[in-house]
Amino acid sequence: MDVDQFISDNRPDEGGDTFQLENSKLLDIAVDGSVTAKAGSMVAYEGDLTFTGSSNAEGGLTGFIKSKATSEGTPVMEVEGTGHLYVADQAKDIQVLDLDAGESISINGNDVLAFESSVDYSISTIGSLSGSSAGGLTNVFLEGPGSIAITTHGSPLVLTPPVKTDPQATVAWSANNSPSSSVNRSLTDMIGQSSGEQYQLEFTNPDGFVVVQPFEEANPQQ
């Protein structure tokens with residue numbers, strides 16, 4: 001391949017939606033106003049954009065959650081202006097979801113990449129997991145209308161409850177399907193007390209869904 005062909009094959013696509021995948025691991029956001037993105041996710045930008053927030057904090061929305069309680073760091077960034085913002089997160093795959101008005105989803109805080117300003121959000125902790133090796137799992141509740149982008153290690157799998165999942169492999173779930181904690185004693189006996197795999201998230205509503213990834217993130221909320 002000559003240089004001209006390389007340039008032509010890898011230029012950004014023209015036009016398209018506000019959130020547009022340039023490839024499976026790189027998102028192009030056409031900013032016209034404001035958007036919220038994971039701090040440190042910017043790989044390039046074009047146009048007149050300004051950034052507020054801290055890109056050297058703890059990563060993901062976890063630090064932002066902590067900042068709400070402790071005033072320490074703000075590792076999400078608000079991007080304002082007009083232009084194109086290109087974001088990625090450690091070469092993870094990116095999934096773009098369009099939420100209708102009133103449609104909502106809960107996402108592991110570490111797996112939120114970006115969302116439009118029209119999307120409402122709130123942050124919570126699954127308190128029932130506190131004290132376990134999966135404890136302190138923080139999730140972000142997002143409600144449309146608007147586009148959101150989440151990240152997964154590899155291609156996601158969407159399951160219909162009832163199902164139990166490893167917290168470190170759980171990415172998102174429908175808002176009507178809040179999980180509870182579960183302990184599998186047979187796993188405890190088999191793999192020992194030190195493993196976090198003995199703890200699971202239990203989802204029971206068959207009208208909902210759960211998204212998992214083929215990867216366990218070690219201490220994803222730290």
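All values reported here derive from a predicted model rather than from experimental measurement. (Residues numbered from 1 in each chain as written. Predicted model: local features only at pLDDT ≥ 70, side-chain atom pairs only at ≥ 80, totals over all residues. Heavy atoms only, no water.)

Brief notes about the pattern of salt bridges
Under the counting rule described, the total for this entry stands at four salt bridges. Here K38 ties to D89 by a salt bridge, and the two come within 2.6 Å at their closest N and O atoms. On the criterion of sequence distance, the pair formed by K38 in strand 2 (residues 26-38) and D89 in the loop between strand 4 (76-87) and strand 5 (93-99) is long-range, its members being 51 residues apart. Look at K38 and you get buried, because its relative accessible area is 8%. Across the pair K92 and E217 runs a salt bridge, and its minimum N-O distance is 3.7 Å. Placement of the pair is K92 in the loop between strand 4 and strand 5 and E217 in the segment after strand 16 (210-212), with a sequence separation of 125 residues. No difference in accessibility class separates K92 from E217, as the two residues are buried. Look at the salt bridges and you will find they share partners, linking K92, D111 and E217 into a network. (Salt bridge = Lys/Arg side-chain N within 4 Å of Asp/Glu carboxyl O. Helix = DSSP H or I, 4+ residues; strand = E, 2+ residues; numbered from the N terminus. Buried < 20%, exposed > 50% of the residue type's maximum accessible area, 1.4 Å probe, protein only.)

Concerning the nonpolar core
Of all hydrophobic cores here, the largest spans 15 residues; its most connected members are F19, L27, I29, V35 and L85. Broken down by secondary-structure element, the contributors of at least two residues to this core are strand 2, strand 4 and strand 7 (112-116). Tallying contributions element by element places strand 2 first for this core, with five residues. Dropping the residues within four chain positions of it, I29 is found in contact with T18, F19, V35, G83, H84, L85, V87 and A114. I105, F115, V140 and I148 belong to the second largest nonpolar core, which has 13 residues in total. (Core = buried A, V, L, I, M, F, W, Y, C linked by side-chain atoms within 4.5 Å. Contact = heavy atoms within 4.5 Å.)

Some points on a negative patch on the surface
There is a patch of like negative charges on the surface, built from D17, D98, D100 and E103. Among the secondary structure elements, D100 is positioned in the loop between strand 5 and strand 6 (104-108). (Patch = residues over 30% accessible without salt bridge, like charges linked within 9 Å, V, L, I, M, F, W, Y side chains within 5 Å. Areas by Shrake-Rupley, 256 points an atom, 1.4 Å probe, with all protein chains shown as cover. Lys, Arg positive; Asp, Glu negative; His and termini not counted. Charge placed at Lys NZ, Arg CZ, Asp CG, Glu CD.)

Points about the sheet that holds strand 16
Strand order in the open sheet formed by six strands is 8-9-6-13-16-11, with antiparallel pairing between adjacent strands. Taken across any chain shown, the strands that pair with only one partner, and hence form the sheet edges, are strand 8 (120-125) and strand 11 (157-159). Neighbouring strand axes in the sheet, compared pairwise and without regard to direction, differ in orientation by 20° on average. (Pairing = 2+ DSSP bridges. Axes fitted to C-alpha atoms, helices over the stretch in contact; angles between N-to-C directions.)

A few points about the environment of Y199
Tracing the backbone through its elements, the reader meets Y199 in strand 15 (residues 199-203). Placed 33 residues apart in sequence, Y199 and D166 show a C-alpha to C-alpha distance of 6.9 Å.

What about the pairing of strand 1 (residues 19-23)?
In the sheet, strand 1 pairs with strand 2 via four bridges, with the strands oriented antiparallel. Bridging from a neighbouring strand, F19 pairs with I29 of strand 2.

Examining the side chain of D111
Note that D111 resides in the loop between strand 6 and strand 7. We classify D111 as buried; its relative accessible area is 0%. If sequence neighbours within four positions are ignored, D111 has contacts with K92, A149, I150, T151, T170, V171 and E217.

Side note on unusual backbone geometry
Residue P145 is bonded to the preceding G144 through a cis peptide linkage, with omega at 20°. Phi is positive for Q90, which is not a glycine, with a value near 50°. By the element assignment, Q90 lies in the loop between strand 4 and strand 5. In this model, A91 sits at a positive phi of 60°, which is unusual for a non-glycine residue.

Examining the packing of aromatic side chains
Counted by the stated rule, this structure contains three aromatic pairs. Ring centres of F115 and Y121 lie 5.2 Å apart, and the angle between their planes is 55°; on these two criteria the pair is classed as tilted. Given a relative accessible area of 3%, F115 falls into the buried group. Seen in terms of ring centroids, W173 and F203 are 5.6 Å apart; in terms of plane orientation they differ by 50°. Their pairing is tilted. Here W173 is found in strand 13 (residues 170-174), whereas its partner F203 is found in strand 15, with 30 residues between them in sequence. (Phe/Tyr/Trp six-rings, centres within 6.5 Å; stacked < 30°, edge-to-face > 60°.)

Observations regarding the confidence of the model for the protein chain
In this model, the protein chain carries a mean pLDDT of 82, and residues with pLDDT of at least 70 account for 75%. Predicted confidence is poor over residues 65-74, with pLDDT under 50, and the contacts of this stretch with residues over four places away or in other chains come to twelve contacts. (pLDDT = per-residue confidence, 0-100.)

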